[in-house]
Amino acid sequence: MPIAAPAASVRLEEIELRVLHLPLVSPFTTSFGTETVREVIVVRARTTDGVDGWGEIVTQHMPSYSSEYTHGAWDVATRWLAPALLARDAIAPEEVPAVFDPFVGHRMAKGGLELAVVDAALRTQSRSFASYLGAERTAVPSGVSVGIQADPVALVETVAGYLDEGYVRIKIKIRPGRDLADTEAVRSAFPGIPLQVDANSAYTLADADTLAQLDRFGLLLIEQPLEEDDIVDHAALAQRLKTPICLDESITSAKAARDALALGATTVINVKAGRVGGYLEAVRIADLCEAAGIPVWCGGMLETGIGRAANASLAALPAFTLPGDVSASDRFYARDIVTEPAVLRDGHVAVPDGPGLGVEIDADMLEAVTVERRTLRR
Ligand SMILES: [Mg+2]
């Protein structure tokens with residue numbers, strides 16, 4: 001459903017951006033490469049009333065998952081986006097997309113700044129982000145995304161560990177040469193588990209015969225087998241596979257989602273707020289999927305406690321009918337930058353219900369992992 005009650009307008013005093021280097025508990029490998037440290041930008045938007053709102057720009061160090069990357073986002077945020085927000089006399093969160101409209105692209109940067117403004121406005125009103133979005137659940141089922149391991153034996157071991165922790169759905173990353181044997185190993189070790197694979201754009205339509213062999217593993221879906229702009233090829237591939245195709249990288253907006261659905265390129269959608277320019281657009285996509293009877297779930301970008309709290313709230317909307325990648329914080333980080341990191345309980349992550357995002361910043365940890373900082377003032 002659309003946002004029922006708009007948030008209050010706020011007058012911004014300053015916007016602070018920080019680049020963080022947050023060590024990962026284990027390397028995370030996808031078809032794009034390996035990360036050992038999560039480089040991410042955290043945004044603090046302070047109102048003239050002294051209320052701080054927090055957001056997270058989920059870009060990565062390199063433009064690999066998308067064309068956006070840390071220092072591209074840093075530049076556009078400090079040069080254009082933050083000054084545009086500070087130039088406004090007062091601003092309601094719902095007006096942020098219009099303020100950013102003159103600037104093409106850079107959706108992750110826009111989404112991170114928008115979240116900070118939403119959080120500031122909701123904290124001002126003592127309203128939770130979950131209720132603002134229209135969430136109905138108090139906890140969300142938690143899936144885990146498992147990177148490519150040394151070999152299928154190591155993969156099965158890693159998956160077993162996550163199943164022991166209670167994760168209710170397993171997703172494994174695949175790439176050419178690390179697809180059929182990896183999937184077969186996990187499926188034969190755990191015949192009954194909800195299992196899906198994520199190719200992160202690593203294939204072309206010429207690989208259709210290989211991808212069709214995944215049909216025998218009874219997967220929930222295959223995520224983004226082809227390139228971001230291969231919408232027509234995804235529609236052609238869908239005709240060749242029994243496994244449902246779920247687009248991730250390709251779904252950059254509600255318009256892109258509508259087009260992909262109309263063309264039959266996808267029958268499930270992974271929503272990531274950063275990828276689509278913010279949580280308001282993410283809700284629009286969820287609404288679209290709900291109206292079309294298409295399952296939707298919440299993906300992840302190795303978020304800190306800020307984005308993780310926001311994702312748990314988004315995933316609690318009624319449209320989200322499949323478990324998402326909203327894992328516990330300790331799946332990625334030994335110590336998070338919030339004082340109440342997401343934990344796994346009975347396979348679920350709680351939806352924060354305090355004001356704004358419902359989490360508080362661990363100031364010492366934030367300071368310890370900050371490698372760059374810039375404050376812009378009105
Ligand atoms: Mg994905």
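All values derive from a computational prediction rather than experimental measurement.

Draft legend 1. A look at helix H9 (residues 254-263). Taken together, the buried positions of H9 are Ala254, Ala256, Ala257, Ala260 and Leu261. Down the axis of H9, the buried side of the element spans an arc of 160 degrees, and every buried residue falls inside it. Buried residues belonging to H9 abut helix H8 (231-240), strand S9 (245-247), strand S10 (268-271) and helix H10 (279-292). Backbone geometry just downstream of H9 places Gly264 in the positive-phi region, at approximately 75 degrees.

Draft legend 2. Structural view of the side chain of Thr59. Residue position: Thr59 is located in the loop between strand S3 (52-57) and helix H1 (70-86). Setting aside chain neighbours within four positions, we find Thr59 in contact with Arg38, Glu39, Val40, Ile41, Glu68, Tyr69, Thr70, Ala73 and Met108.

Draft legend 3. Inspection of the nonpolar core at higher detail. Among the nonpolar cores identified, the biggest contains 127 residues, and Ile15, Leu85, Phe129 and Ile172 are the most heavily contacted of them. Per-domain counts for this core show at least three residues from each of domain 1 (12-126 + 362-377) and domain 2 (131-350). Among all residues touching Ile172, those that are not within four sequence positions of it are Val146, Leu155, Val159, Asp182, Thr183, Val186, Leu195, Gln196, Val197 and Asp198.

Draft legend 4. Representation of the UniProt feature "domain: Mandelate racemase/muconate lactonizing enzyme C-terminal" (unreviewed entry) in the protein chain in the model. Those places that UniProt annotates as "domain: Mandelate racemase/muconate lactonizing enzyme C-terminal" (unreviewed entry) correspond, in this numbering, to residues 152-244. Counted over residues 152-244, helix gives 42% and strand 12%. Its end C-alpha atoms are 24 Å apart.

Draft legend 5. Region of the structure containing the packing of aromatic side chains. Taken as a whole, this structure holds seven aromatic pairs when the rule is applied. Considering the side-chain rings of Tyr162 and Tyr167, the 5.8 Å spacing of their centres and the 80 degrees angle between planes classify their relative orientation as edge-to-face. For the pair Tyr162 and Tyr167, one class covers both residues: buried. An aromatic cluster is defined as three or more aromatic residues linked by ring pairs; in this entry it consists of Phe28, Phe332 and Tyr333.

Draft legend 6. Just the packing of helix H5 (residues 152-165) against helix H6 (residues 180-189), in detail. Where H5 contacts H6, the axes come no closer than 9 Å and their chain directions differ by 45 degrees. Of the possible angle classes, the one that applies to H5 and H6 is oblique. Regarding H5 and H6, the two cross each other, and that crossing is right-handed. For the pair H5 and H6, the contacting residues are Pro152, Leu155, Val156 and Val159 in the first and Ala181, Asp182, Ala185, Val186 and Ala189 in the second. For the contact of H5 with H6, a count of residues per class yields eight nonpolar, no polar and one charged.

Scoring rules and cut-offs
- Residues numbered from 1 in each chain as written.
- Predicted model: local features only at pLDDT ≥ 70, side-chain atom pairs only at ≥ 80, totals over all residues.
- Heavy atoms only, no water.
- Buried < 20%, exposed > 50% of the residue type's maximum accessible area, 1.4 Å probe, protein only.
- Helix = DSSP H or I, 4+ residues; strand = E, 2+ residues; numbered from the N terminus.
- Arc of directions from axis to C-beta.
- Contact = heavy atoms within 4.5 Å.
- Core = buried A, V, L, I, M, F, W, Y, C linked by side-chain atoms within 4.5 Å.
- Domains from an automatic or database assignment.
- UniProt positions renumbered as here; feature names shortened; annotations may be inferred.
- Phe/Tyr/Trp six-rings, centres within 6.5 Å; stacked < 30°, edge-to-face > 60°.
- Axes fitted to C-alpha atoms, helices over the stretch in contact; angles between N-to-C directions.
- Parallel < 35°, antiparallel > 145°, perpendicular 65-115°, else oblique.
- Left-handed = near helix turned anticlockwise from the far one by under 90°.
- Nonpolar A, V, L, I, M, F, W, Y, C, P; charged D, E, K, R; others polar.

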